[in-house]
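# Close look at the chain arrangement
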Amino acid sequence: MIQLRKFQQMTVWALIGLLSSWVVSCSTSNVNTATKPAASEAATIEFWTMQLQPQFTNYFQSLIATFESQNPSIKVKWVDVPWSAMENKILTAVSAKTPPDVVNLNPDFASQLAGRNAWLDLDAKVPKEVRSSYLPNIWQASTLNSKTFGIPWYLTTRLTIYNTDLLKQAGIKKPPATYAEIAQAAQQIKDKTGKYAFFATFVPQDSGEVLESFVQMGVTLINAEGKAGFNSPQGKAAFQYWVDLYKKGLLPKESLTQGHRHAIDLYQSGETAFLASGPEFLKTISNNAPKIAQASAIAPQITGDTGKKNVAVMNIVIPRATKYPDAAVKFALFVTNDENQLAFAKAANVLPSTIKSLADSYFKEVPNNASTVEKGRIISAQQMQQAEVLTPKIKDFKLLQKAIYENLQAAMLGEKTVDKAVEDAAQQWDNR
């Protein structure tokens, strides 16, 4: 199963330092510094994906064969890279000026190298009418300083998986839709069943879900100057929200020490009523805890007053050092066109990023006897109207998360007041 929801932030800054020494000498234009091949030379482009073999080998072999038959002067060499190896491999290849021609990354990591001119500027390569075929919010996720560095590919968005038996025991008739409602439900579930409503992790190296909740509650994490924007009434209210839940005993104590994987374990064991995750995890739950899976249903993602919903984006980027920029762009647009996005979404149980493919009946209609996973697909697609990448595309994102999480933990443990925790987190970020 491809791990779509939680692609870890890349942090190999020593290699990025090597890359910086290269890009300093490069202009910010779209001029390719690599030696141009002869006009008559056939283009063989190298395409890197992340851990999509062997599950999707047949899909990509067929995709590439179709592309090559339509473009006989272009050959495609497909290389699948393990998740754990991609950060080192792409940083090394780019800094050595020997990158692949087309690369499957995500906006968070790709934006870190986009600021160093590693990728082709696609605004000059992709016509406006083609750009407009993608979901606007999703296209925006692969832009930096008003320049496009990536083409959107496949998407996932969180849903709320909930245990109907626990809600019934607690006297809750419908699942909560907002953070305010889930806080009320948490107290009711604890009082009636002794269980927890949900698990959230405050481990700095793990999930950014809590930071996303800040944005959904109306918090500006980083202002226009790059300084802490969360030292505000909204930021203090978000800190207070999580502190109150913890101090009231409505969050498991291991929230401070365990990562997101523990959330799945607790839900599977019947100790929590809600799990924020993708519908693909229902298959895991079904295998590990059939009774819990049988009692599970799906609702839209919990959000704040803003109504914003999270989305995880996978995109395709093209290194500036490619020898074949036009062929690379043509292949990237082929991989992500309406027809191929729809086919891959069906094969991989993900969402497409083009308007036409998302409008397909596959994302709107399910049979009366539809499974929970099939129903989840419809809810996920509906969320795309409000979905966006909630956290900022910045090089030091993990430092921001660390500053907020560590000070939030201190407030939860009573070591600091909320005001002091917010102030210290802001100073830690601004003085990094």
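Below you will find a few notes about this structure. Predicted model, so just to flag it, every value in this text is computed and none were measured.

About the cut-offs
- Residues numbered from 1 in each chain as written.
- Predicted model: local features only at pLDDT ≥ 70, side-chain atom pairs only at ≥ 80, totals over all residues.
- Heavy atoms only, no water.
- Helix = DSSP H or I, 4+ residues; strand = E, 2+ residues; numbered from the N terminus.
- Rg over C-alpha atoms; globule rule 2.2 N^0.38 Å.
- Buried < 20%, exposed > 50% of the residue type's maximum accessible area, 1.4 Å probe, protein only.
- Contact = heavy atoms within 4.5 Å.
- Lys, Arg positive; Asp, Glu negative; His and termini not counted.
- Charge placed at Lys NZ, Arg CZ, Asp CG, Glu CD.
- Core = buried A, V, L, I, M, F, W, Y, C linked by side-chain atoms within 4.5 Å.
- 1 Å grid on protein atoms, 1.4 Å probe; cavity = no way out; pocket = protein on both sides within 12 Å on 5 of 7 lines; lining within 4 Å.
- Points joined across faces, edges and corners; volume = space filled by probe spheres on them.
- Nonpolar A, V, L, I, M, F, W, Y, C, P; charged D, E, K, R; others polar.
- Phe/Tyr/Trp six-rings, centres within 6.5 Å; stacked < 30°, edge-to-face > 60°.
- Lys NZ or Arg CZ within 6 Å of the ring centre and 35° of its normal.
- Pairing = 2+ DSSP bridges.
- Axes fitted to C-alpha atoms, helices over the stretch in contact; angles between N-to-C directions.
- Parallel < 35°, antiparallel > 145°, perpendicular 65-115°, else oblique.

## A word on the overall build of the protein
- On a plain count of helices and strands, the protein comes out with 19 helices and 12 strands.
- Relative to its length of 432 residues, the protein is compact, with a C-alpha radius of gyration of 23 Å against a globular reference of 22 Å.
- Projected onto the principal axes, the alpha-carbon positions of the protein cover approximately 75 × 55 × 35 Å.
- Here the protein, with 432 residues, has 57% of them falling under the buried criterion.
- Across the protein, contacts joining residues at least 24 apart in sequence account for 78% of those joining residues at least 6 apart.
- Averaging the locations of the 44 positively and 37 negatively charged side chains of the protein gives two centres separated by 0 Å.

## Some points on the nonpolar core
- In terms of nonpolar packing, the biggest core is built from 71 residues, with Phe60, Trp119, Trp153, Phe331 and Phe344 touching the most fellow members.
- Broken down by element, the residue count for this core peaks at 8 residues, all from helix H14 (residues 325-335).
- Within the second largest apolar cluster, 53 residues are counted, among which are Leu166, Val215, Phe239 and Ala411.

## Let's talk about the layout of surface pockets
- Of the volumes computed, that of the second largest pocket is approximately 450 Å³.
- If you trace the second largest pocket, you find 17 residues lining it, with Val389, Leu390, Thr391, Pro392 and Lys393 closest to the centre.
- Grouping the amino acids of the lining of the second largest pocket by side-chain chemistry returns 9 nonpolar, 5 polar and 3 charged.

## Some points on the packing of aromatic side chains
- Enumeration according to the criterion identifies 23 aromatic pairs in this entry.
- With centroids separated by 5.4 Å and ring planes inclined at 25°, the aromatic side chains of Trp153 and Phe344 adopt a geometry described as stacked. In this pair, Trp153 is assigned in strand S6 (residues 151-156) and Phe344 in helix H15 (residues 338-348), connecting sequence segments 191 residues apart.
- Take Trp153: its relative accessible area is 0%, and that puts it in the buried class.
- Aromatic rings pair up to connect Phe47, Phe56, Tyr59, Phe60, Phe67, Trp78, Trp153, Tyr154, Phe331, Phe334 and Phe344 into one cluster.
- Between Arg377 and the ring centre of Tyr362, over which it is positioned, the NZ or CZ distance is 3.7 Å.
- Above the ring of Trp429, the side-chain terminus of Arg432 is found at 3.6 Å from the ring centroid.

## Brief notes about the sheet that holds strand S7 (residues 159-163)
- Taken together, the 3 strands give an open sheet; going across it, the order is S8-S7-S9, and neighbouring strands pair in antiparallel fashion. On the outer flanks of this sheet lie strand S8 (274-277) and strand S9 (296-299), each paired with one strand and no other. Neighbour to neighbour, the strand axes of the sheet diverge by 25° on average, direction disregarded.
- Two strands pair when backbone bridges link them, and S7 and S8 are joined in this way by 4 bridges, in the antiparallel orientation. The residue bridging Leu159 from the neighbouring strand is Ser277, located in S8.
- Set on the sheet, helix H17 (residues 372-383) makes contact with S7 and S9; between it and S9 the angle comes to about 15°.

## A look at the pairing of strand S3 (residues 102-105)
- Residues Val102 and Asn104 of S3 are buried on one face, and the alternating residues Val103 and Leu105, pointing to the opposite face, are buried as well.
- Where strand S1 (residues 43-50) lies against S3, 2 bridges are found, and the strand directions are parallel. Bridging across to S3, Trp48 finds its partner in Val103.

## Quick look at the side chain of Thr57
- Checked against the element boundaries, Thr57 lands in helix H2 (residues 57-70).
- A residue is classified by how much of its surface remains accessible, and Thr57, at 18% relative accessible area, is buried.
- Discounting residues that sit within four places of it in the chain, Thr57 has contacts with Leu52 and Trp78.

## Observations regarding the packing of helix H8 (residues 179-193) against helix H10 (residues 233-247)
- Close contact between H8 and H10 brings their axes to 11 Å; oriented N to C, the two are set at 10°. When the axes of H8 and H10 are compared, the pair comes out roughly parallel. Between H8, through Tyr179, Ala180, Ile182, Ala183 and Ala186, and H10, the contact on the second element is made entirely by Tyr241, Trp242 and Leu245.

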